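Analysis of the macromolecular model
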There are 2 protein chains.
Amino acid sequence: MSKQTVGKKVTASKSKKNVYFFGGEKADGNGSMKNLLGGKGANLAEMAGHPKLKIPVPAGFTVTTDVCTAYYKNKGKYPQGLTEEVNKAMKKVENVMGKKFGDAQNPLLVSVRSGARQSMPGMMETVLNVGLTTKTIDGIIKKSGNERFVYDAYRRLITMYSDVVMEKAAGIEVREGKGIRQQLEKLLEQKKEERGVKLDTDLSAEDLKDLCDNYKKKIKQVLGKEFPDDHEKQLWGGIGAVFSSWNGKRAISYRKIENIPQEWGTAVNVQAMVFGNMGDKSATGVAFTRNPGNGDNNFYGEYLINAQGEDVVAGTRTPAPINKNSQSDHNKHELMLEDFLPRVYKQLNGIQKKLEKHYRDMQDIEFTIEDGELYLLQTRVGKRNGPAAVKMAVDMVNEKLITKKEAVMRVKPSQLDELLHPIIDPDVEKTKKALAKGLPAGPGGAIGRIVFDSESSVEWAKNGKDVILVREETNPEDVEGMRAAQAILTTRGGMTSHAALVARGWGKCCVVGCSELEIDYTKKTAKMGDVTLKEGDWITLNGTKGLVFKDVLPMIDATKENKTLNAFLKICDAVRTMKIRTNADTPEDAQRARDFGAEGIGLFRTEHMFYGVGSEEPLFKLRKMILSDSVEDRKAALDELFPFVKTDIKGTLKAMVGLPVTIRLLDPPLHEFVPHQTEQLKELAKSLNVGMPNLEKRVALLKESNPMMGHRGVRLGITYPEITEMQVRAILEATAELIKENKKVLPEIMIPVVGTDKEIDNQKVIITRVKSEVLKKYNLKKLPLMIGTMIEIPRAALTAGKIAKETEFFSFGTNDLTQMSYGFSRDDMGGFLAPYLDKDILAGDPFQSLDTEGVGQLITMGIDRGRKVKPKLKIGICGEHGGDPNSILFCYKAGMDYVSCSPFRVPIARLAAAQATIMA
Amino acid sequence: MSKQTVGKKVTASKSKKNVYFFGGEKADGNGSMKNLLGGKGANLAEMAGHPKLKIPVPAGFTVTTDVCTAYYKNKGKYPQGLTEEVNKAMKKVENVMGKKFGDAQNPLLVSVRSGARQSMPGMMETVLNVGLTTKTIDGIIKKSGNERFVYDAYRRLITMYSDVVMEKAAGIEVREGKGIRQQLEKLLEQKKEERGVKLDTDLSAEDLKDLCDNYKKKIKQVLGKEFPDDHEKQLWGGIGAVFSSWNGKRAISYRKIENIPQEWGTAVNVQAMVFGNMGDKSATGVAFTRNPGNGDNNFYGEYLINAQGEDVVAGTRTPAPINKNSQSDHNKHELMLEDFLPRVYKQLNGIQKKLEKHYRDMQDIEFTIEDGELYLLQTRVGKRNGPAAVKMAVDMVNEKLITKKEAVMRVKPSQLDELLHPIIDPDVEKTKKALAKGLPAGPGGAIGRIVFDSESSVEWAKNGKDVILVREETNPEDVEGMRAAQAILTTRGGMTSHAALVARGWGKCCVVGCSELEIDYTKKTAKMGDVTLKEGDWITLNGTKGLVFKDVLPMIDATKENKTLNAFLKICDAVRTMKIRTNADTPEDAQRARDFGAEGIGLFRTEHMFYGVGSEEPLFKLRKMILSDSVEDRKAALDELFPFVKTDIKGTLKAMVGLPVTIRLLDPPLHEFVPHQTEQLKELAKSLNVGMPNLEKRVALLKESNPMMGHRGVRLGITYPEITEMQVRAILEATAELIKENKKVLPEIMIPVVGTDKEIDNQKVIITRVKSEVLKKYNLKKLPLMIGTMIEIPRAALTAGKIAKETEFFSFGTNDLTQMSYGFSRDDMGGFLAPYLDKDILAGDPFQSLDTEGVGQLITMGIDRGRKVKPKLKIGICGEHGGDPNSILFCYKAGMDYVSCSPFRVPIARLAAAQATIMA
């Protein structure tokens, strides 16, 4: 809204309606008038006045946001006629509630609350119990029969009013801790001391009455003004305070962060107070239209007789169930509302049904029963856990309450995650203090005994022991131990360190970068703060939050909920248009991902077969190849390696029959595969029949200063064409043999680390030659094969037009692309990530969620330029971001055909991709 | 020219002129008709026919390129009437030359040569001596009185004709080495063996005559056709062969590389043969209108009496000087042309003057005197060395022969380089074989004794010995030894390795990445191929070409030519619009760069003061700071460091009074400064009063996997704000003190390794605070200070709009930008650069000359986006590319305000920037 428009409205507001009444099954406004009435005001109007609702809310009225704008425009003056409008509305409220504002016998008390277009929780002021004066107080006491309650309400009014209206709204500046509220609270403490009690509730009516007098004296003394003993003064003071709180410091900075325009203004809601503690036919409660814990379609709630909302929250009394469905072990002996006040329960049950039907989602409702009269205080969309969210979404589609698209938007990706991993029982977890905190690298919870090396992990696991592998950091030599462990905990490394990547690939619980943890390998101890654990001690990890706990914590396993989950994911699939592939390196991973719904492999890393999974033979042969110092020796070693690679690829292609499989040619710098320990080197030297000094020299030659930008990817294929040749032959022979078995296989060769189209030209010559040789060998006319490249070097994105000419698909390798675009080495980022996050320089870890502002530009540029040359170019993403919902949304908007992620992220990606279709 | 146009021309060519005559001071065409007559034909027409030239060239005619196009269009048929036109033109040639084509008594011989629009040297065919038949041969023998010469010419005609016309143009495919030319040459060899002679020239007339007969028989036998004994047949065969050579394989692939359109076609030049070996009044020679060795404005040349052009080239006879200016020690006793044929010399001298004036550049002319008659065969722009190019450019401006802009374009940047460094005497160098070849990392030549470590280098140099430091690679600890050495030679590293960067910064000769060199540090030997050198042995380096020679080679030092050089650079400055700054780290470097014409410092690296130059104290204090493990310790260490940094900066600001100085905040990862040797570490531990295990642990913590993308640049300033604070205070206090001394200083603080504007926000808070503190301390109202950033992270270029909001200048750090855009670690690129260049994947080292296609996009993007937000944003480049002419051209086109390069590159940058103004 431009200032011009605001100005116009102000002028117009003289003749316009400034006050909107609601209550008694009527309302001047409705739910669509949020801009004018604020969120709260519009919702109250909707509940009270909508013909299908007619819900009994405490009557009240809303002073519009336009009045707020005019108030600021005219330096604190209200529009003409506002007083009359307010008075008129108040009359209506009195009629509905059967009470009178300022009346000595049957006084109406009201609350004065803010209510902006968009919720700004806790940012603006509220005054409750307005209307309590020396004139009205006795009337209330008589009506409620509870003097203590009334003086407590009075005390609260005085505190709030003096703070909010008399001090803050008046613009009085105070020193830290010297505000009127703090001074009054000091009096309260003094009183408690005097009486020798601990809790406010232990003070008697007399004590509170006395306190109220002292409060008023203190106010006069500190602020130089009397607390107003007039209901009208209180009302207008409250309204003014709410308006002025719109421009409080906290509110302004909140709006800056949330991008809420300053000129929107807030509305003021004046509403009759109702009390659940007005006697034995009064009560207060909270209910959900469905069970928020498991999603069952049952009305569910708790309540307390003769109590206020805050008593429910305080937890000093055990709330009772509203009905049988709400019974649990610890409340089943309490009186159910259904039995206590059957008529009111029936009314409430009718209301909840109407509300859910009207708002088409599970509602969280607050109600108060004042002397047998039911009032709805609030209804809003109810919070729910993951399993409940999924179940409700599926049920509501079946009930035809919501559309599939709506169902998709009802489940957060993080909620889905809860269904995919066992988790620590949250009720227990919240009572425990974590020993240490690291980065949440692999989701879910895990329990196990500490071991400090890979060998022990394997051995203990063989003996049936659950272990957690604790290391400073991991490397490919630890992979067997990592696989054997229930979870992995490291002191160093970030979200994309070796440990994190491997664990996520397996869906395994993992905490990395836990810098508080000090490991002593020789003593086999792990120190976290004051606690020192030794080998064999039990710990529990929360890999979703990155927490480490001592001992065994109980676990909840929701992963069995597969029927509902699958139904939900089918709904997602119906909405989704982007394909989901997986990153898988073994036939088992491929099968698992397929079970999770993967529609192909987006990244098969040829090198992963060498990471010590299963036989050591391929790794040994690879090392032999790497440390060859002549083309002949290297070719001989490659020949030995060939059958292993071919078998591996064949197995995966077979597991993915009918679906595309993107196979990336050898990517990492070769020295990654060279053993690090002298002992292992010696062994290798012996087996290779080479002297140690010679071998050490060759190893040294492979060392690089910045291996991420070194001799890797296609650069290896160009300097050692025989390596490319061996891999391509393995892929194509595997394909040919499967075709001969009448299996439909769709291999895609992906060339990594490409920076210029000429690198692809070079490799395509080899691929073409090998292809024709394989066709001949197997006597075939054609082989299905696509050739594409990873776009992971910024230059590749910049020159994507040229590269597209030479390729049939692009797969964005956003890990490397992020590394190079940002100049952040993911292995070293630990050194500065924490301060970068603390100082708000980064909004988050760019390796977790794509940096759409920077790296994203290279992606859209790459896609646009590639498709300009080749409109049907197939484009996807592989790497960590492919499983991150925000990044998936970006990928969808950018026009990708698919995302690829680790098998365990596939369900989440299916959801995120469906949501992207709706949000984009 | 579109195909459409070509088609029209073909149709039109029936009535159009197809043949253009030249000779006898007349010509149908002129120099502007290159498209129609080809380069050679147009030039011959210009020389012969231009009213101010009228040069005696052997008469001839040109068959146009349109005929060639028509020839291909019509499948080898010539346009109608071509024969008549050729015959008519031949008549004119006969008239001018006083000979008759095919005449038995006084026959005219002609050459048939190609001549395309753009020169394609060696790609097309030539036939000489056309017109020699059994009918004409005796006439020529009689005229020349030299039977041997005539049969030799005949032998050549037969060889060329059979090869070019009868075999190639006829489309006969032959196996490698089995062509008719090779078979004829075998006969020649046999004849020499038979005669027991070694050289062709030792064969007699009779031998040659016999050989011609054998040739003809062989041709008949191999090709099944007779060698044509008819002058007309020979002529048309030659013309056809030239046209068909336009579509030879070599010519086609040459045109592809050079982007020459296939449809241009070639012209054919038929020109009378003249012979400098036609007797004692005949001669042949080559001359230059000015001295190409030093640029003096003197006619300069050599000639041989009774000889052909090839005799001059062969070097079997010593050519004589044409005049006194052309005399040298080894030819001063020969007869000068000026004395031998004074009339002809006078004519030649007149012609050279006309030619230089007409073409407005020094000409390289070929002339032949046939029986006292002077003919100019060719004139073209003469090649010259660097000093000559500079002198001629300056002189010609003074003579008002050329404009300043033309002068600027007359000197190649590489030629200027010759004036800036001593070089190995090229005459001697070409006779020597290099021991090994590396990368040319620091230009010029150097002589010295081998030493293998920095300490020896310093010590030997102290004793007055010239040394060359030979290392596997260098690091900051070697800097003192590098400075003491005449030159540096390393086995590893690329053009931007430590050794290369440091050496270029000093203008020191340096060869790096010399992989053939094997060093044995313990034995103190260096092995290159079969040669093993030991400490103290002499070697000579050519740093411009990357060559290593044994022993001492003589040097030439042209660096003294300062008067002419300065005059030339002043001309450049008059043309140039882009500023030239320098990368300098010390007051001495700054002064030197200023002397070379630098207009400010574009990059002052604060960290370079720690690279062991001068006192070790700052480095020690820096190490103390780095290895502190608390903020307090670090601050204390920074306090100790402060006076050193301030003094250093103050000195440089002072040396650059009146000019801007860009000071980059600490950039490299901290562990770069930590000593590598245990001994040094122990020393440090002792001085720091820390136990070795503790120190080693801290050092290990600083290690990074990919330090280039690690904890460096602004990331240090954010994690350790106290480091930024110390540096900023040093800069501003130095500034304040100089201002108090009434010196105009213009510091610019540059924040490195920025990836997001928020990093700048963060650092600016510190800078602003320190500035106000310094203002207060020195009681000043203002301090001149610009704040800017390096754009060296791709993301910074992509988000340059946001970054520009926070900054006053950008300096492109293209070293890092290239590393990250291409994903090439410059320290590791050695592993694949050579195959990448060999396989044409890279056109050159992208760290040497900017990759304009990829990295260049980020630069233009950064500039465009930055200037969109801040139109007056100052933009420059620092880093290696700032001294590379091609990159400078790119920077100019991209709109940069300045380039910054090492002091020794400043003159070259001044030239390149001037050329950019003209070329852009």
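Rules and cut-offs
- Residues numbered from 1 in each chain as written.
- Chains lettered and ligands numbered in written order.
- Predicted model: local features only at pLDDT ≥ 70, side-chain atom pairs only at ≥ 80, totals over all residues.
- Heavy atoms only, no water.
- Contact = heavy atoms within 4.5 Å.
- Buried area = accessible area lost by both parts, 1.4 Å probe.
- Salt bridge = Lys/Arg side-chain N within 4 Å of Asp/Glu carboxyl O.
- Polar contact = N/O pair within 3.5 Å; in protein donor to acceptor, adjacent residues only side chain to side chain.
- Helix = DSSP H or I, 4+ residues; strand = E, 2+ residues; numbered from the N terminus.
- Buried < 20%, exposed > 50% of the residue type's maximum accessible area, 1.4 Å probe, protein only.
- Pairing = 2+ DSSP bridges.
- Axes fitted to C-alpha atoms, helices over the stretch in contact; angles between N-to-C directions.
- Parallel < 35°, antiparallel > 145°, perpendicular 65-115°, else oblique.
- Left-handed = near helix turned anticlockwise from the far one by under 90°.
- Nonpolar A, V, L, I, M, F, W, Y, C, P; charged D, E, K, R; others polar.
- Core = buried A, V, L, I, M, F, W, Y, C linked by side-chain atoms within 4.5 Å.
- Least-squares fit on C-alpha atoms with pLDDT ≥ 70 in both.
- pLDDT = per-residue confidence, 0-100.
- Patch = residues over 30% accessible without salt bridge, like charges linked within 9 Å, V, L, I, M, F, W, Y side chains within 5 Å.
- Areas by Shrake-Rupley, 256 points an atom, 1.4 Å probe, with all protein chains shown as cover.
- Lys, Arg positive; Asp, Glu negative; His and termini not counted.
- Charge placed at Lys NZ, Arg CZ, Asp CG, Glu CD.
- Phe/Tyr/Trp six-rings, centres within 6.5 Å; stacked < 30°, edge-to-face > 60°.
- Lys NZ or Arg CZ within 6 Å of the ring centre and 35° of its normal.
- Disulfide = S-S within 2.5 Å.

Some details on the interface of chain A and chain B
One frequent convention defines the size of an interface as the accessible area lost when the parts assemble. Counting from both sides, the interface comprises 47 residues of chain A and, opposite them, 47 residues of chain B. Around 4,200 Å² of area is buried between chain A and chain B when both sides are counted, 55% of it from carbon and sulfur atoms. Scanning the region where chain A abuts chain B turns up 6 salt bridges. Among the ionic pairs, E853 of chain B bridges to R795 of chain A, the shortest N-O distance being 3.3 Å. For the interface between chain A and chain B, the tally reads 30 residue pairs in polar contact (both at pLDDT 80 or more).

Digging into the pattern of salt bridges
All names here are of chain B. In total, this model carries 123 salt bridges over all chains according to the counting rule given. Salt-bridge contacts for K99 lead to E370; the nearest nitrogen and oxygen are separated by 3.1 Å. With K99 in the loop between α4 (82–97) and β4 (100–101) and E370 in strand β12 (residues 363–370), this pair connects stretches of sequence that are 271 residues apart. Assigned by exposure class, K99 and E370 land together as buried.

Here's the deal with the sheet that holds strand β1 (residues 19–23) of chain A
All names here are of chain A. With antiparallel pairing, the 6 strands of this open sheet are ordered in space as β2-β1-β3-β8-β6-β7. Each edge of the open sheet carries a strand with a single partner, namely β2 (26–27) and β7 (126–130). As defined by bridge partners, β1 adjoins β2 across 2 bridges and the pair is classed as antiparallel. Note on β2: the bridge partner recorded for F22 is A27.

Concerning the packing of helix α25 (residues 678–688) of chain B against helix α26 (residues 692–702) of chain B
Residues and elements named next belong to chain B. Packing of α25 against α26 brings their axes to within 9 Å, and their N-to-C directions diverge by 110 degrees. One element, α25, and the other, α26, form an angle in the roughly perpendicular class. Of the two possible hands of crossing, α25 and α26 adopt the one that is right-handed. Across the interface between the two elements, T678, L681, K682, L684, A685 and L688 from α25 touch M692, L695 and V699 from α26. Residues of the contact of α25 with α26, tallied by class, amount to 7 nonpolar, 1 polar and 1 charged.

Looking at the nonpolar core
Core analysis: the biggest nonpolar cluster contains 223 residues, and L695 of chain A together with L695 of chain B have the highest contact counts within it. Residues contacting L695 of chain A, with those up to four places away along its chain left out, are L627, L681, L684, A685, L688 and V690 of chain A.

So, unusual backbone geometry
Residue and element names in this part refer to chain A. Phi at K524 is positive, roughly 55 degrees, even though this residue is not glycine. Mapping K524 onto the fold places it in the loop between β21 (517–520) and β22 (525–528). Given a relative accessible area of 30%, K524 falls into the partly exposed group. A positive phi is found at N742, a non-glycine position, where the angle reads about 65 degrees. As for its placement among the helices and strands, N742 is situated in the loop between α28 (721–740) and β30 (746–751). Residue class for N742 comes out exposed when judged on its relative accessible area of 73%.

Let's talk about the relation of the copies chain A and chain B
Structural alignment of chain A on chain B gives an RMSD of 0.1 Å, achieved by rotating through 180 degrees and translating 0.0 Å along the axis. Both copies of the chain, as the preceding transformation shows, are related through a two-fold rotation axis. Taken as a fraction of all interface residues of chain A, those also at the interface in chain B reach 100%, which identifies the copy contact as same-surface.

Structural notes on the sheet that holds strand β1 (residues 19–23) of chain B
Residue and element names in this part refer to chain B. Pairing is antiparallel in the open sheet, where 6 strands are placed in the order β2-β1-β3-β8-β6-β7. Strand pairing shows two members of the sheet lacking a second neighbour, β2 (26–27) and β7 (126–130), which therefore form its edges. Judged from the 4 bridges that link them, strand β3 (residues 60–63) and strand β8 (residues 266–272) form a sheet pairing that is antiparallel. Bridge assignment links V63 to a residue of β8, and that residue is V268. The sheet strands contacting helix α9 (residues 231–245) are β3, β6 (110–116), β7 and β8, and the helix crosses β8 at an angle near 150 degrees.

Let's talk about the confidence of the model for chain A
Within chain A, residue pLDDT values average 91, and 97% of them lie at 70 or more. Reported for the predicted complex are a pTM of 0.82 and an ipTM of 0.81.

Here we look at the pairing of strand β28 (residues 601–605) of chain B
A regular strand carries its side chains on alternate faces of the sheet. All names here are of chain B. Among the 5 residues that make up β28, 4 are buried, leaving the element largely enclosed by the rest of the structure. Where strand β27 (residues 579–583) meets β28, 2 bridges bridge the pair, whose relative direction is parallel. Its bridge partner lying in β28, N583 is registered against L603. Here β28 pairs with strand β29 (residues 660–664) via 3 bridges, running parallel.

Quick word on a negative patch on the surface
A cluster of like negative charges, contributed by E455, E480, E616, E679 and E683 of chain A, occupies part of the molecular surface. Structurally, E480 of chain A is set in helix α19 (residues 479–484).

Let's talk about the side chain of S457 of chain B
Within the fold, S457 of chain B resides in helix α18 (residues 454–462). Apart from the residues within four sequence positions on either side, S457 of chain B is in contact with V451, V467, L469, G481, A484 and A485 of chain B.

Remarks on the packing of aromatic side chains
What the rule picks out here adds up to 32 aromatic pairs over all chains. Connected via pairs of aromatic rings, a cluster forms that spans Y71, Y72, Y78, W236 and F243 of chain A. Sitting over the face of the ring of Y898 of chain A, R581 of chain A holds its NZ or CZ atom 4.0 Å from the ring centroid. Geometry around W246 of chain B places R255 of chain B over its ring, the cationic atom sitting 3.6 Å from the centre.

Brief notes about the state of the cysteines
Note on terminology: a disulfide is the covalent bond linking the sulfur atoms of two cysteines. All names here are of chain B. In total, this model carries 0 disulfides over all chains according to the counting rule given. In this model C901 remains outside any disulfide bridge; the closest cysteine sulfur is found in C891, 11 Å from its own. Residue classification places C901 among the buried positions, given a relative accessible area of 2%.

Some points on the packing of helix α23 (residues 617–626) of chain B against α25 of chain B
Residues and elements named next belong to chain B. α25 packs onto α23 with a crossing angle of 75 degrees between their chain directions and a minimal axis gap of 11 Å. As summarised for this structure, α23 and α25 are arranged roughly perpendicular, according to the angle between their axes. Residues F620, R623 and K624 of α23 form the contact with α25, whose own contacting residues are Q680, L684, S687 and L688. Here the residues of the contact of α23 with α25 are counted per class, giving 3 nonpolar, 2 polar and 2 charged.

Concerning the pairing of strand β10 (residues 300–305) of chain B
Residue and element names in this part refer to chain B. As paired elements, strand β9 (residues 283–288) and β10 share 6 bridges and run antiparallel to each other. Among the inter-strand pairings, V286 is bridged to a residue of β10, identified as E302. Examined bridge by bridge, β10 and strand β11 (residues 320–321) share 2 bridges and lie antiparallel to one another. Looking at β11, one finds that Y303 is bridged to A320.

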